[in-house]
Amino acid sequence: MALPSAWSVMRVAIPFISVVGLLSVRLAGAGQDSGSVIPAESRPCVDCHAFEFMQRALQDLKKTAYNLDTR
């Protein structure tokens, strides 16, 4: 059985990770009570969280692609 190439894995994984990220942001926002608002000065911006999430996802994809290439 042939293993999928790293490019085909990334073509599927990147949209999947994006959808999971968007769903997790929506679920996290829906679970907050109106009385537990954290001041904007003490929390990181949404863009920072999204950037860090995508950075970790790309690192995981690189590791997976490398592992598939070395097999």
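Values in this document were obtained by computation on a predicted structure and should not be read as measured data.

(A) Region of interest: the overall build of the protein chain. Broken down by element type, the protein chain carries two helices and zero strands. For the protein chain, the proportion of its 71 residues judged to be buried stands at 13%.

(B) Representation of the environment of Trp7. Its place among the elements puts Trp7 in helix H1 (residues 6-30). Placed 58 residues apart in sequence, Trp7 and Ala65 show a C-alpha to C-alpha distance of 7.9 Å.

(C) Looking closely at the environment of Leu58. Looking at the secondary structure, you find Leu58 in helix H2 (residues 46-70). Leu58 sits in the partly exposed class, given a relative accessible area of 42%. Note: C-alpha distance between Leu58 and Ile14 (44 residues apart in sequence) is 8.2 Å.

(D) Fine view of the environment of Leu22. With respect to the helices, strands and loops of the structure, Leu22 is situated in helix H1. Residues Leu22 and Ala50 lie 28 residues apart in sequence; the distance between their C-alpha atoms is 9.2 Å.

(E) Geometry of H2. Helix length check: H2 (25 residues) gives 36 Å between terminal C-alpha atoms against 36 Å at 1.5 Å per residue, within 8%. Inspection of H2 places Ala57, Leu61, Ala65 and Leu68 among the buried residues, and these make up the whole buried set.

The rules behind each value
- Residues numbered from 1 in each chain as written.
- Predicted model: local features only at pLDDT ≥ 70, side-chain atom pairs only at ≥ 80, totals over all residues.
- Heavy atoms only, no water.
- Helix = DSSP H or I, 4+ residues; strand = E, 2+ residues; numbered from the N terminus.
- Buried < 20%, exposed > 50% of the residue type's maximum accessible area, 1.4 Å probe, protein only.
- Expected span 1.5 Å × (residues − 1).

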